[in-house]
Amino acid sequence: MDLSFSAEEQAFRAEVRGFLADKLPPELAQAVRDGRGLSKDNYERWHALLNEQGWLAPNWPTEFGGCEWNAVQRHIFEDECCRAHAPRIVPFGLSMLAPVLQKFGSKQQQDHYLPRILSGQDWWCQGYSEPGAGSDLASLKTKAVRDGDTYVVNGQKTWTTLGQYANWIFCLVRTDPTVKQQAGISFLLIDMDTPGIEVRPIILLDGTHEVNEVWFTDVRVPAENLVGEENKGWTYAKYLLTHERTNIAGVGFSQAGLAAVKRLARGQMHRGRPLIENPHFAARVARLEIDLMAMSTTNLRIISGAAKGQAPGVESSMLKVKGTQIRQEINDLARRAAGVYAMPFASEGVEGSNEAPIGPEGTAHVAAQYFNNRKLSIFGGSNEIQRNIIAKVKLGGGA
Ligand SMILES: Cc1cc2nc3c(=O)[nH]c(=O)nc-3n(C[C@H](O)[C@H](O)[C@H](O)COP(=O)(O)OP(=O)(O)OC[C@H]3O[C@@H](n4cnc5c(N)ncnc54)[C@H](O)[C@@H]3O)c2cc1C
């Protein structure tokens, strides 16, 4: 196993770095660096710049207009984007739905939807979870009943991220309630402008509107919007989840976060000395740094295996648990370093404002980020579920 980068890979890194230095708008990078929420326009602007460069779809095959980068190139790209504080690529259309359409969609669906994802014409959201169907997703109840050449959809989805921006939603729906749960699910593409759809906001702990409930009342969906075969949706849903779990370790985010904590702790005083010199604080920073280095090496080991065609197995679950623990620990340290300035809810730190936030630079958003990132160990398969997978594969009989 070779964990060093080849000359070509280093040249690729330099190319990505050059692009980011040239094209990433400084005000977007500053907003990401400050932990402020980005608007729909902000995301669309960044997507358009990447699309112009031909880099919006790193994992798509070239035949569909993607880069078809290998695992190492994708890692380098993500790493550099994090270092430069680039906005994330919104994953719902690009990295979740697109791979499903490329593998299971009809030619018509591919020709229609894929170019619209790249151009930004469509903003997709993910309609999987329901009240009572999260970890136990197969128990979902939103039903779709075939009526001539349409499906009639009734039910409710929840936690729909950025659904307020979306004009399309891909949904798992129950098309056969009489068989084993997994065997009665279908995968439907639904236009959010169809009569009978209502989007209701859910406000998160940090005060932001990031997720929603989506209600369906007698929503008529053309039958041609079914992906693949009726009642085979569970297979497509699982395929999608393997793509949802990319860049799961979040090494770049953690490196940027840890650097911010150190900057903050150098400026904050504790008993007359910079906080970074406090032995208890320094010990936590050191432990975190060691954990992050270990995870980064594990991540490279898995990427090196993937570049040789080995599919990551239970290691993805290990990276999910460790990666999210590290990010939450960074948020906790930042909150402690900010001290009293982490106490008030400072909306100007989250949403931006003409007024300067109170407190030293880098403190206004730390409480909001601490609360917001509680989500990391819940979504994408909760950490308890990941531990179950690890236990099953490593300790008992295989999965
Ligand atoms: C911010 C945010 C954004 C999200 N965005 C989306 C989205 O865009 N689209 C979408 O479809 N979904 C989305 N989700 C939903 C997410 O996938 C679910 O929250 C997740 O699958 C957990 O399901 P649940 O919330 O119903 O919790 P539950 O499944 O009810 O779990 C509750 C608790 O019990 C634990 N638990 C459950 N089962 C087991 C078990 N077998 N063994 C041990 N512990 C167990 C869980 O780990 C958790 O701690 C989002 C969630 C959040 C928080």
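The shown structure was predicted, so the numbers you read here are calculated from the model rather than taken from an experiment.

Rules of the game
- Residues numbered from 1 in each chain as written.
- Predicted model: local features only at pLDDT ≥ 70, side-chain atom pairs only at ≥ 80, totals over all residues.
- Heavy atoms only, no water.
- Core = buried A, V, L, I, M, F, W, Y, C linked by side-chain atoms within 4.5 Å.
- Buried < 20%, exposed > 50% of the residue type's maximum accessible area, 1.4 Å probe, protein only.
- Helix = DSSP H or I, 4+ residues; strand = E, 2+ residues; numbered from the N terminus.
- Domains from an automatic or database assignment.
- Expected span 1.5 Å × (residues − 1).
- Arc of directions from axis to C-beta.
- Near = heavy atom within 4 Å.
- Polar contact = N/O pair within 3.5 Å; in protein donor to acceptor, adjacent residues only side chain to side chain.
- Areas by Shrake-Rupley, 256 points an atom, 1.4 Å probe, with all protein chains shown as cover.
- Nonpolar A, V, L, I, M, F, W, Y, C, P; charged D, E, K, R; others polar.
- Pairing = 2+ DSSP bridges.
- UniProt positions renumbered as here; feature names shortened; annotations may be inferred.

Draft legend 1. Structural view of the nonpolar core. Core analysis: the largest hydrophobic core is formed by 77 residues, its most contacted members being Phe170, Phe187, Leu189 and Ile190. A per-element tally of this core places helix H5 (residues 91-104) first, with 7 residues. Built from parts of two domains, this core gets at least three residues from each of domain 1 (7-89) and domain 2 (124-231).

Draft legend 2. Main features of helix H3 (residues 40-53). With 14 residues, H3 should reach 20 Å at 1.5 Å per residue; the first-to-last C-alpha distance of 20 Å fits that figure. Along H3, the positions that sit buried rather than exposed are Tyr43, Trp46, His47, Leu49 and Leu50. Projected onto a plane normal to the axis of H3, the buried residues spread over an arc of 160° and lie on a single side. Turned more than 90 degrees away from the buried face of H3 sit Asp41 and Glu52, all of them exposed.

Draft legend 3. Looking closely at the site of the ligand. Residues in close proximity to the ligand total 17 residues, the closest being Ser135, Trp159, Thr161, Ser382 and Glu384. At 3.0 Å, a backbone N or O of tyrosine 128 approaches an oxygen atom of the ligand. Side-chain polar atom of asparagine 388 to a nitrogen atom of the ligand: 3.0 Å apart, as the coordinates give it. Alone, the ligand offers 970 Å² of accessible surface; in the complex the protein occludes 66% of this. In terms of residues, the shell around the ligand owes the most to one element, helix H13 (residues 383-395), which gives 3 residues. Split into classes, the residues belonging to the shell around the ligand amount to 7 nonpolar, 8 polar and 2 charged. Here the shell around the ligand spans two domains, since at least three of its residues come from each of domain 2 (124-231) and domain 3 (248-395).

Draft legend 4. Quick look at the pairing of strand S6 (residues 197-203). In this structure, S6 lies alongside strand S7 (residues 209-222), joined through 7 bridges in antiparallel fashion. Looking across to S7, one finds that proline 201 is bridged to asparagine 212. The hairpin turn running from S6 into S7, its antiparallel successor, is 5 residues long, and glycine 207 in that turn takes a positive phi close to 85°.

Draft legend 5. Structural detail: the UniProt feature "domain: Acyl-CoA dehydrogenase/oxidase N-terminal" (unreviewed entry) in the protein. Per the UniProt annotation, the sites labelled "domain: Acyl-CoA dehydrogenase/oxidase N-terminal" (unreviewed entry) are residues 6-121. Across residues 6-121, helical content stands at 68% and strand content at 0%; the span's end C-alpha atoms are separated by 38 Å.

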